[in-house]
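# Fold and contact review
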Amino acid sequence: MVIFSLRTGVRMAAAIVSVAALGVVPACSAGLGGPPSSRTAADGVIRFTFAPDPIWDYMHDTGIIEQWESDTGYSIETSATWDEFGLFAGGHADIISTASFEVPGLEEQTERQTVIIGRYNAERSRILVRADDPAQSLADLQGRRLGVFTTVSGTLVWSALIKQMHDLDVVGGDFDVVVADIQNLSNLLARGEIDACICYPDLSARELRDGSVRALYDGKSSADLFAELVAPGHDGPMGNVFVARKDWADGHPGEVAAFLDLWDRGLAEWRQHRDDMIERYPQHFAVAAPEDIEFMKQYVAQHDWVTDEVRFDARWAEDESSIFDLMRATGVIADDENDPLFLPTEGAQR
């Protein structure tokens, strides 16, 4: 895991940031409404819990999901919630979405073995500073106020990257870390209440558009820098992957394949109708004014964080797992933290 467009992967932050603080997003999105199913999993039925999302809304509103159900014979039960971890722990979902680097935490909290079955979007947060700040990297801001929305999620990735690049501890005392509502960080930065932030571009559209803030590292996201430092050519780490209960995935290969086919269709629709989705569902991108909507369309065209395909192969899974090697090597996670399980299906017979 939207006051964050196309899902930021803020699952563990849900305990910190209340739904009220996420007020720019409706509590329920089209096609993802109603309470989750409380019954056990059934053959032919996929229980999918997902935070509000523009691609899913588009597929629902244009009849793509209904047609998929008719063509495949499968049905998909959905519910919109920011507490995907809780529903998963309660056995009310077969598939949810979270950041790849949060999957070990998901397993620990829910006591359920999981497997990553698909990819969705890259971790896209940037380090922003005020436009008039001369800093060239976060190393120039040591000891100053760094705004974050949580000390987990994307902050974990940046902690590993900053340790690797500058030998500094993001949350270990080298910065004055300020935890604030995710939707307010770039505004706090522009007003001078913090000196930098780990921010999502789709929550910073107004400040980026008016030029009051700018991104360090040539505008590169955490995923961009990870690829440069660790896994050349890789498109992760993922801010969102699709995660299934392992026992369910093992017993329902047909449902898994059909689910991935549906999301491949969704990714294709995104590539073809991206501007339309931003205009239809501006709330998912935290924009409202026409000028901000237009800015977001242009920004996403240059910095699209959505993957081209939901399926992946073993090489991709190995590269994605290397984020855990980096986090262990830099002390961000414990040495005994296990990598998540992956189910490579790219190129597999379907």
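Residues numbered from 1 in each chain as written. Predicted model: local features only at pLDDT ≥ 70, side-chain atom pairs only at ≥ 80, totals over all residues. Heavy atoms only, no water.

What follows concerns the side chain of Asp202. Mapped onto the elements of the fold, Asp202 is located in the loop between β8 (196-199) and α7 (205-210). By relative accessible area, Asp202 is classed as buried at 0%. At a separation of 2.9 Å, a polar atom in the side chain of Asp202 contacts the side chain of Arg124. (Helix = DSSP H or I, 4+ residues; strand = E, 2+ residues; numbered from the N terminus. Buried < 20%, exposed > 50% of the residue type's maximum accessible area, 1.4 Å probe, protein only. Polar contact = N/O pair within 3.5 Å; in protein donor to acceptor, adjacent residues only side chain to side chain.)

The description of an aromatic ring pair rests on the distance of the ring centres and on the angle between the ring planes. Applying the stated criterion to the full structure yields 20 aromatic pairs. When the centroid spacing of 5.6 Å and the interplanar angle of 45° are considered together, the rings of Phe149 and Tyr200 count as tilted. With a gap of 51 residues between them, Phe149 in the loop between β6 (145-148) and α5 (154-166) and Tyr200 in the loop between β8 and α7 connect regions that are remote in the sequence. Taken together, the ring pairs in this structure connect Phe48, Phe50, Trp56, Tyr120, Phe242, Phe259 and Trp263 into an aromatic cluster. (Phe/Tyr/Trp six-rings, centres within 6.5 Å; stacked < 30°, edge-to-face > 60°.)

Let us look at the environment of Gly118. Considering the arrangement of structural elements, one finds Gly118 in strand β4 (residues 114-122). For the pair Gly118 and Thr345, spaced 227 residues apart in sequence, the C-alpha to C-alpha distance is 8.6 Å. With residues up to four places along the chain from it excluded, the contact list for Gly118 reads Val241, Phe242, Leu260, Val310 and Phe312. (Contact = heavy atoms within 4.5 Å.)

Moving on: the sheet that holds strand β7 (residues 176-179). The strand order across the open sheet formed by five strands is β7-β6-β8-β5-β9, and the pairing between neighbours is mixed. Every other strand in the sheet has two partners, leaving β7 and β9 (213-215) as the edge strands with one partner each. Within this sheet the neighbouring strands show an average axis-to-axis angle of 30°, counted without direction. Of the strand pairs in this sheet, β6 and β8 are connected by two bridges, and their pairing is parallel. Among the inter-strand pairings, Gly147 is bridged to a residue of β8, identified as Cys197. (Pairing = 2+ DSSP bridges. Axes fitted to C-alpha atoms, helices over the stretch in contact; angles between N-to-C directions.)

Two numbers describe how α5 lies on helix α12 (residues 314-329): the axes approach to 9 Å, and their chain directions differ by 60°. The orientation of α5 relative to α12 falls into the category oblique. The handedness of the crossing between α5 and α12 is left-handed. Contacts between α5 and α12 involve Leu156, Val157, Ala160, Leu161 and Gln164 from the first element and Ile323, Leu326 and Met327 from the second. In terms of residue class, the contact of α5 with α12 is made up of seven nonpolar, one polar and no charged. (Parallel < 35°, antiparallel > 145°, perpendicular 65-115°, else oblique. Left-handed = near helix turned anticlockwise from the far one by under 90°. Nonpolar A, V, L, I, M, F, W, Y, C, P; charged D, E, K, R; others polar.)

Another aspect to go through is the environment of Asp181. Tracing the backbone through its elements, the reader meets Asp181 in the loop between β7 and α6 (185-190). In this structure the C-alpha to C-alpha distance between Asp181 and Phe149, which are 32 residues apart in sequence, comes to 5.7 Å.

On to the pattern of salt bridges, then. Within the structure shown, the criterion is met by 27 salt bridges. Across the pair Lys163 and Asp169 runs a salt bridge, and its minimum N-O distance is 3.3 Å. Using a relative accessible area of 30% as the deciding quantity, one classes Asp169 as partly exposed. Across the pair Glu207 and Arg206 runs a salt bridge whose closest N-O atoms are separated by 3.5 Å. Sharing partners across several salt bridges, the network here consists of Arg130, Asp133, Arg144, Arg145 and Asp195. (Salt bridge = Lys/Arg side-chain N within 4 Å of Asp/Glu carboxyl O.)

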